[in-house]
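# Working through the structure, step by step
Read off the chains here:
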Amino acid sequence: MHLFSGSSHPALARALAQQLGCPLGNVTLKAFSCGERYVKFEDSIRGKDVYLLQTGTRNPDQDLMELFLMCQAARLSFAKTVHVVLPHFPYARQDRVAEPREPISAKLIASLLEHAGADHVVTLDLHSEQIQGFFSVPVDALDGRPIFAEYLKSKDLKDPVVVAPDAGGAKRAKKLADLMGADLAIMHKHRSAHHTAEILEVVGDIEGRTCILFDDIIDTAGTLAKAKQALVKRGAGKDIYAAATHAVFSGKAIENLTKAAFKEVIVTDSMPVKKNAVKGLKILTIAPMLARVLTHIESGKSVTEIYKK
Ligand code: R5P
């Protein structure tokens, strides 16, 4: 397999290569003194199916620009197929015109990726599933919930209920609840401004129960901190967990999570996150799942099959 990594997440690239039992391809990645990015494949990729791993970190513009350049360089070097593996899709939350005169940024990123040369995109726990429709090339939108379900089930939690911190996350949380055989509760969140969350209502039975707040992204952790306060106020049990796929942890995230004092904060390594960034942090790796997916893609096997096992 011809797997190349951008500079966003070397640890995940190494773990993935190890799972696949293949070395990472040689690619030079650097920046000019003015900040412009530079990439160059050091191995011939003519006629090859190449896999480019990059993820959205706290420098999403740099990650994307580097990825666009890698796609174009692969295309100009006669790669047969360019598979982009982008576990955390940057700009995914800007998936509609929510207020007048806004862009649909996620759609723009999709067109730029295609324009740069991507033939296929593999991504994980998209903020909204309709982002797949922004592409005209195929998208494998992977589901990280089985990874969370397996971990949470192993804890044998007492009377668990999965809680969606907003209505938009209800379907996402429902699937996790089903996988765990747990109940579901849904919160009504209001944002008076970007990064200011307010929880107005909780629908569902949470009293005295172990709550798992489940979201796609922890950015500033404002949502989860407010959600925990709302659960405590309404009499939830003492164990409240926070779980989310993408640990962006920007702004006051660490402060917010520390103050909220969750029983555990469970995230994946879809983007780089420091092991002890916050007390009770548990990082679940996506490398084995990604490796299985890429192996199935490479050998023309069903990716859906992976979820049936
Ligand atoms: C919003 O719709 C998302 O699903 C997350 O709830 C949100 O992006 C989390 O952001 P923050 O951690 O800054 O509240």
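Rules behind the numbers
Residues numbered from 1 in each chain as written. Predicted model: local features only at pLDDT ≥ 70, side-chain atom pairs only at ≥ 80, totals over all residues. Heavy atoms only, no water. Pairing = 2+ DSSP bridges. Helix = DSSP H or I, 4+ residues; strand = E, 2+ residues; numbered from the N terminus. Axes fitted to C-alpha atoms, helices over the stretch in contact; angles between N-to-C directions. Core = buried A, V, L, I, M, F, W, Y, C linked by side-chain atoms within 4.5 Å. Buried < 20%, exposed > 50% of the residue type's maximum accessible area, 1.4 Å probe, protein only. Domains from an automatic or database assignment. Contact = heavy atoms within 4.5 Å. Buried area = accessible area lost by both parts, 1.4 Å probe. Salt bridge = Lys/Arg side-chain N within 4 Å of Asp/Glu carboxyl O. Parallel < 35°, antiparallel > 145°, perpendicular 65-115°, else oblique. Nonpolar A, V, L, I, M, F, W, Y, C, P; charged D, E, K, R; others polar. Near = heavy atom within 4 Å. Polar contact = N/O pair within 3.5 Å; in protein donor to acceptor, adjacent residues only side chain to side chain. Areas by Shrake-Rupley, 256 points an atom, 1.4 Å probe, with all protein chains shown as cover.

### Overview of the sheet that holds strand S11 (residues 210–218)
Spatially, 7 strands are ordered S10-S9-S8-S11-S12-S13-S14 in an open sheet, and the strand pairing comes out mixed. Taken across any chain shown, the strands that pair with only one partner, and hence form the sheet edges, are strand S10 (196–203) and strand S14 (281–284). Adjacent strand axes in the sheet meet at a mean angle of 25° when their direction is disregarded. Examined bridge by bridge, strand S8 (residues 160–164) and S11 share 4 bridges and lie parallel to one another.

### Observations concerning the nonpolar core
One broad trend across soluble globular proteins is that nonpolar side chains are buried collectively. Grouped together as the largest cluster of nonpolar side chains are 42 residues, with contacts concentrated most on Leu-152, Val-162 and Met-180. The dominant element in this core, judged by the number of residues it contributes, is helix H8 (residues 287–298), at 7 residues. Three or more residues apiece are contributed to this core by two domains, here domain 1 (2–143 + 287–308) and domain 2 (145–284). When sequence neighbours within four positions are dropped, the list of residues in contact with Val-162 reads Ala-173, Leu-176, Ala-177, Met-180, Ala-182, Asp-183, Leu-184, Ala-185, Ile-212 and Phe-214. Val-50, Leu-67, Cys-71 and Ala-106 belong to the second-largest nonpolar core, a separate cluster that totals 33 residues.

### Thoughts on the domain arrangement of the protein
Looking at the protein, the domain boundaries give domain 1 (2–143 + 287–308) and domain 2 (145–284). With centres defined by C-alpha atoms, the gap from domain 1 to domain 2 works out at 27 Å. Each side of the interface is counted separately: domain 1 has 18 residues, and domain 2 has 18 residues. Summing both partners gives a buried area of about 1500 Å² for domain 1 against domain 2, and 50% of it is carried by carbon and sulfur. Our count for the domain 1 to domain 2 interface comes out at 3 salt bridges. Its salt-bridge partner being Lys-175, residue Asp-143 comes within 2.7 Å of it at the nearest N-O pair.

### Notes on the sheet that holds strand S5 (residues 81–86)
Across the sheet, which stays open at both edges, the 5 strands sit in the order S1-S4-S5-S6-S7 with parallel pairing between neighbours. Edge positions in the sheet fall to strand S1 (2–5) and strand S7 (139–142), since each has one partner strand and no second. On average, each strand axis in the sheet is inclined to that of its neighbour by 20°, with strand direction left out of account. Bridge count between S1 and strand S4 (residues 49–53): 4 bridges; the pairing is parallel. Bridging across to S4, Leu-3 finds its partner in Tyr-51.

### Quick notes on the packing of helix H2 (residues 60–76) against helix H3 (residues 105–116)
The interhelical angle for the contact between H2 and H3, taken along N-to-C directions, is 30°, at an axis separation of 8 Å. When the interaxial angle is binned, H2 and H3 end up roughly parallel. Listed contacts from H3 to Leu-64, Leu-67, Phe-68, Cys-71, Gln-72 and Arg-75 of H2 are Ile-109, Leu-112, Leu-113 and Ala-116. Its residues placed into classes, the contact of H2 with H3 shows 8 nonpolar, 1 polar and 1 charged.

### Considering the site of the ligand
Lining the immediate surroundings of the ligand are 15 residues, of which Asp-215, Asp-216, Thr-220, Ala-221 and Thr-223 lie closest. A distance of 2.5 Å separates an oxygen atom of the ligand from a polar atom in the side chain of Asp-215. Out of a free accessible area of 380 Å², the ligand has 92% covered by protein chains. The set of elements that each furnish at least two residues to the shell around the ligand consists of strand S9 (183–193), S11 and helix H6 (222–233). With 4 residues, the single largest contributor to the shell around the ligand is S11.

### Quick notes on the pattern of salt bridges
With the rule as written, the count across this model stands at 17 salt bridges. The partner of Asp-205 in a salt bridge is Arg-209, and the shortest N-O contact between them spans 3.7 Å. By relative accessible area, Arg-209 is classed as buried at 7%. One salt-bridge network, held together by shared partners, links Asp-159, Asp-183, Asp-205 and Arg-209.

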